[in-house]
Amino acid sequence: MLKIILPMTMLLPVTLLSPAKFMWTNTTMHSLLIASVSLHWLTPSYYPLKNLTPWTGTDQISTPLMVLSCWFLPLMIMASQGHLQHEPHERKRMFISTLIIIQPFIILAFSTTELILFYISFEATLIPTLILITRWGNQPERLSAGIYLLFYTLISSLPLLITILYLHSKTGTLHLPILKLTHPNSPTSWTTLLSSFALLMAFMVKAPLYGLHLWLPKAHVEAPIAGSMLLAALLLKLGGYGIMRITLLTEPVSNFLYYPFLTLALWGALMTSSICLRQTDLKSLIAYSSVSHMGLVIAAGMIQTQWSFSGAMILMISHGLTSSLLFCLANTNYERTHSRILILTRGLQPLLPLMSVWWLLANLTNMALPPTTNLMAELTIMIALFNWSPPTIILTGIATLLTASYTLYMLLSTQRGTLPTHITTTPNSNTREHLLMTLHIIPMLALILKPELISGTPL
Amino acid sequence: MASKPTRTAAEEYRPNRYVSLPAELDPATYDTSPEKRRAEAERLAIRARLKRQYLLQLNNPKPPAVIEDPALLRWDYARTHNVYPTFRPTPKTSFLGAVFGIGPILFWMAVFKTERDYREKLTQEDKWRLGFSAPLHSNKTHKDQTYCGSKAAGRCCWQPPIVGGI
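The rules behind these values
- Residues numbered from 1 in each chain as written.
- Chains lettered and ligands numbered in written order.
- Predicted model: local features only at pLDDT ≥ 70, side-chain atom pairs only at ≥ 80, totals over all residues.
- Heavy atoms only, no water.
- UniProt positions renumbered as here; feature names shortened; annotations may be inferred.
- Helix = DSSP H or I, 4+ residues; strand = E, 2+ residues; numbered from the N terminus.
- Rg over C-alpha atoms; globule rule 2.2 N^0.38 Å.
- Buried < 20%, exposed > 50% of the residue type's maximum accessible area, 1.4 Å probe, protein only.
- Contact = heavy atoms within 4.5 Å.
- Areas by Shrake-Rupley, 256 points an atom, 1.4 Å probe, with all protein chains shown as cover.
- Lys, Arg positive; Asp, Glu negative; His and termini not counted.
- Charge placed at Lys NZ, Arg CZ, Asp CG, Glu CD.
- pLDDT = per-residue confidence, 0-100.
- Salt bridge = Lys/Arg side-chain N within 4 Å of Asp/Glu carboxyl O.
- 1 Å grid on protein atoms, 1.4 Å probe; cavity = no way out; pocket = protein on both sides within 12 Å on 5 of 7 lines; lining within 4 Å.
- Points joined across faces, edges and corners; volume = space filled by probe spheres on them.
- Nonpolar A, V, L, I, M, F, W, Y, C, P; charged D, E, K, R; others polar.
- Axes fitted to C-alpha atoms, helices over the stretch in contact; angles between N-to-C directions.
- Parallel < 35°, antiparallel > 145°, perpendicular 65-115°, else oblique.
- Left-handed = near helix turned anticlockwise from the far one by under 90°.
- Buried area = accessible area lost by both parts, 1.4 Å probe.
- Polar contact = N/O pair within 3.5 Å; in protein donor to acceptor, adjacent residues only side chain to side chain.

As annotated in an unreviewed UniProt entry, chain B is NADH dehydrogenase [ubiquinone] 1 beta subcomplex subunit 4 from Pavo cristatus. You can read under Subunit (unreviewed entry) in the UniProt record for chain B the words "Complex I is composed of 45 different subunits." Checking UniProt for chain B, the heading Function (unreviewed entry) contains the comment "Accessory subunit of the mitochondrial membrane respiratory chain NADH dehydrogenase (Complex I), that is believed not to be involved in catalysis. Complex I functions in the transfer of electrons from NADH to the respiratory chain. The immediate electron acceptor for the enzyme is believed to be ubiquinone."

As recorded by an unreviewed UniProt entry, chain A carries the name NADH-ubiquinone oxidoreductase chain 4 and is attributed to Pavo cristatus. Annotation of chain A in UniProt includes, under Subcellular location (unreviewed entry), the sentence "Mitochondrion membrane". What UniProt states about chain A under its Catalytic activity (unreviewed entry) heading is, verbatim, "a ubiquinone + NADH + 5 H(+)(in) = a ubiquinol + NAD(+) + 4 H(+)(out)".

Here it is in structure tokens:
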């Protein structure tokens, strides 16, 4: 565990002390090295928890997310090179340091076995993200975006803190393996109902659930590319992962809690997919598609069967990669036209044919084309939900149909059609952008061959 | 022969619910009054001014990489950022919000709850087995009993062993 956390923390002095000529190279290479070493977490094991230290332990639902977060640091650094080109060296250093500060907290959040440490790292990821959005966003709306992000998450996580402390006072421990063995809080009273509600709400806001999702389009749209990648690929998964961990603590609660969350998640998947069809802003479209996919993850997390947890895990990983890839592609458009309006950046296939290959692959995986892992995840979740209650297939089926339609709409608007007449020059796609897309696609394609790695089942 | 005076085409073909009046039958098309011509000249002047601004930028020896269209930016702003400031809760909007926003949630909650309660009831009465997606039925519904392999076991058709849910 320490062999990843210590180098990751030491990346901060690397950034702050590197000479200007080598800063990008040093940080990218060292974070890639850490990412490749982190792959050892995925080795199979029969133990319930591996890599045990007093406060951390990894198992099959935390290791894929941790590997994903290690993998994303070099990608985020590479993606930011474009828009930071003309900034003075000090500011570039500060930007990369902000990115690096988040990483140890995310790793801690996914690997910890203590609830309080999870809460602390969950909250600690908020401030650097806020800095990324409000300091380095591009439009004046970034201020309201930062406020929405901060206050939505904080208001919902305060009940979480109180409930965690209450749980500690009642059971005397917050160590997750021990909590699995304690006797569950028996009678269903208002206290247990409210405490399960409070435990879940913070993750529902983070995931996000449909009624509480307002912060997400704002934050994703106003963030710089590294912020969007971070949010889409990692921070949303904190919500999904939290739901999967916390539901073992809310076990014997009245089953009635399932219904509002499940209905909101599934209906929300449908609604946000239809909103995507009416978006004029490309990044907003991708943000709403994130809400749609995470709605499926929440629905799967709530029914708590083996298949649904497996589907939720695969969907979180595949959606992280796909969504981040789409945001990187949208950013390449934005860097060329400084506008996110969909009809302004249309017809790019004749202009940038190589980039259109990546657009095609990204959209194909987004609409859950077989044999990608996105399809495996959606099918698993749909089947698990059908087993829970057959009418859910209506909602999930329509959501899948709408996903395919808005993804097709996004592909056709950006790639096909007449070229806009008002763009006089377009810089060609450079190697850095192609490398970025390649590094997104390669894990997705490789995971098609061995999805057991991310499926959250004992290998 | 014709008992009533014939009507002109313009009077025969009036617009109705399915089709609007074509331009050829609209008397305003053939109106060449000075007011109309002045209005058309003004619109032409505006279009020509906009086109001149666009072409000046396009044919500039050092053109900007992207020529901005302020009308498009205003339209996009109105669609994305100006929605909530121009919203006011009225009886109509509150009704629409309740019916289309909260209504479907309550509807689907009711659907799931009744379906699951029905299955729970069937399970209590032992008419349902986990892992099998149809309720148990009697063998009176089978006309041809040759493929009911488990007749010896007293059942009317093959059923899978009881397994946990997926």
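A. Representation of the overall build of chain A within the structure. Along the backbone of chain A there are 18 helices and zero strands. Against the globule reference of 23 Å for 459 residues, chain A gives a C-alpha radius of gyration of 21 Å, in line with a compact fold. C-alpha extents for chain A along the principal axes are approximately 70 × 55 × 45 Å. Burial analysis of chain A (459 residues in total) assigns 61% to the buried set. Residue pairs in contact within chain A that sit at least 24 positions apart in sequence constitute 83% of those at least 6 positions apart. When the accessible surface of chain A is totalled, it reaches about 16900 Å², and 72% of it is carbon and sulfur. Here chain A carries 22 positive and 13 negative side-chain charges, and the mean point of each set is 4 Å from the other.

B. Looking closely at the overall build of chain B. Tallying secondary structure elements over chain B gives four helices and zero strands in all. Taken from the N to the C terminus, the helices and strands of chain B come in the order α-α-α-α. The buried share of chain B, taken over its 166 residues, is 11%. By sequence separation, contacts in chain B at least 24 residues apart represent 19% of the contacts at least 6 residues apart. When the accessible surface of chain B is totalled, it reaches about 14000 Å², and 60% of it is carbon and sulfur.

C. Layout of the UniProt feature "domain: NADH:ubiquinone oxidoreductase chain 4 N-terminal" (unreviewed entry) in chain A. With numbering matched to this structure, UniProt assigns "domain: NADH:ubiquinone oxidoreductase chain 4 N-terminal" (unreviewed entry) to residues 1-109 of chain A. Note that residues 1-109 of chain A is 64% helix and 0% strand, and that its end C-alpha atoms are spaced 13 Å apart.

D. How the structure looks around the confidence of the model for chain B. All names here are of chain B. Taken over all residues, the pLDDT of chain B has a mean of 79, while the share at 70 or more is 73%. Put simply, helix H1 (residues 9-12) is where chain B has its lowest mean pLDDT, 72, and helix H2 (residues 34-58) is where it has its highest, 93. For residues 144-149, every residue scores under 50 in pLDDT, and the model assigns this stretch six contacts once sequence neighbours within four places are set aside. Low pLDDT, under 50, characterises residues 162-166; the stretch is placed with ten contacts to residues that sit more than four places away or in other chains. Under the prediction, the complex receives an ipTM of 0.89, its pTM being 0.89.

E. Seen up close, the pattern of salt bridges. All names here are of chain A. Counted by the stated rule, this structure contains nine salt bridges over all chains. When the shortest N-O distance is used, the salt bridge between Arg-245 and Asp-59 registers 2.9 Å. Taken as a pair, Arg-245 in helix H11 (residues 225-246) and Asp-59 in the loop between helix H2 (23-37) and helix H3 (63-80) lie far apart in primary sequence, 186 residues in all. Side by side, Arg-245 and Asp-59 carry an identical accessibility label, which is buried. Between Glu-90 and Arg-93 there is a salt bridge, and its shortest N-O distance comes to 2.8 Å. Remark: Arg-93 and Glu-90 occur in helix H4 (residues 89-111); sequence separation between them is three residues, near one turn of the helix. A relative accessible area of 47% means that Glu-90 is categorised as partly exposed.

F. Local environment of the layout of surface pockets. In this structure, the largest pocket occupies an estimated 1300 Å³ of space. If you go around the largest pocket, you meet 29 residues; those closest to its centre are Leu-214 and Tyr-288 of chain A together with Thr-80, Val-83 and Tyr-84 of chain B. Contributing elements (two or more residues each) for the lining of the largest pocket: helix H7 (142-171), helix H10 (215-222) and helix H13 (282-303) of chain A together with helix H3 (70-80) and helix H4 (91-124) of chain B. Classifying every residue of the lining of the largest pocket by side-chain character gives twelve nonpolar, ten polar and seven charged.

G. View of the packing of H4 of chain A against helix H6 (residues 126-136) of chain A. All names here are of chain A. At a minimum axis separation of 9 Å, H4 and H6 run at an interaxial angle of 150°. In this view, H4 runs roughly antiparallel relative to H6, as classed from their interaxial angle. Crossing angle aside, the handedness with which H4 passes H6 is left-handed. In contact with Arg-91, Met-94, Phe-95, Thr-98, Leu-99, Ile-101 and Ile-102 of H4, H6 contributes Pro-128, Thr-129, Ile-131, Leu-132, Arg-135 and Trp-136. For the contact of H4 with H6, the class distribution of residues is nine nonpolar, two polar and two charged.

H. Focus on the side chain of Ser-292 of chain A. All names here are of chain A. Within the secondary structure, Ser-292 sits in helix H13. By relative accessible area, which is 3% here, Ser-292 ends up buried. Apart from the residues within four sequence positions on either side, Ser-292 is in contact with Ala-269, Thr-272, Ser-273 and Thr-403.

I. Structural view of empty space enclosed by the protein. All names here are of chain A. Counted by the stated rule, this structure contains six cavities of 30 Å³ or more. Every residue lining the largest cavity is counted, 18 residues in all, and those nearest its centre are Trp-41, Thr-43, Asp-59, Gln-60 and Thr-63. Split by residue class, the lining of the largest cavity holds eight nonpolar, seven polar and three charged.

J. Here's a closer look at the interface of chain A and chain B. Listed by partner, the interface residues are 33 residues for chain A and 26 residues for chain B. Interface of chain A and chain B: buried area, both sides summed, is about 2900 Å²; carbon and sulfur atoms make up 67% of it. Our count for the contact surface shared by chain A and chain B stands at zero salt bridges. Between the two partners, chain A and chain B, sit eleven residue pairs in polar contact (both at pLDDT 80 or more).

K. Structural detail: the environment of Ile-441 of chain A. Residues and elements named next belong to chain A. Its location among the elements puts Ile-441 in helix H18 (residues 431-449). Considered as a pair, Ile-441 and Thr-365 are 76 residues apart in the sequence and their alpha carbons are 9.6 Å apart. For Ile-441, the contacting residues outside a window of four places in its chain are Leu-325, Trp-358 and Leu-361.

L. Region of the structure containing the packing of helix H15 (residues 353-366) of chain A against helix H17 (residues 392-415) of chain A. Residue and element names in this part refer to chain A. Relative orientation of the contacting elements H15 and H17 amounts to 170°, with a least axis distance of 9 Å. Judged by the angle between their axes, H15 and H17 are roughly antiparallel. Note on element contacts: H17 touches H15 through Thr-403, Tyr-406, Thr-407, Met-410, Leu-411, Thr-414 and Gln-415, opposite Ser-356, Trp-359, Leu-360, Asn-363 and Asn-366. In the contact of H15 with H17, the residues fall into five nonpolar, seven polar and no charged.

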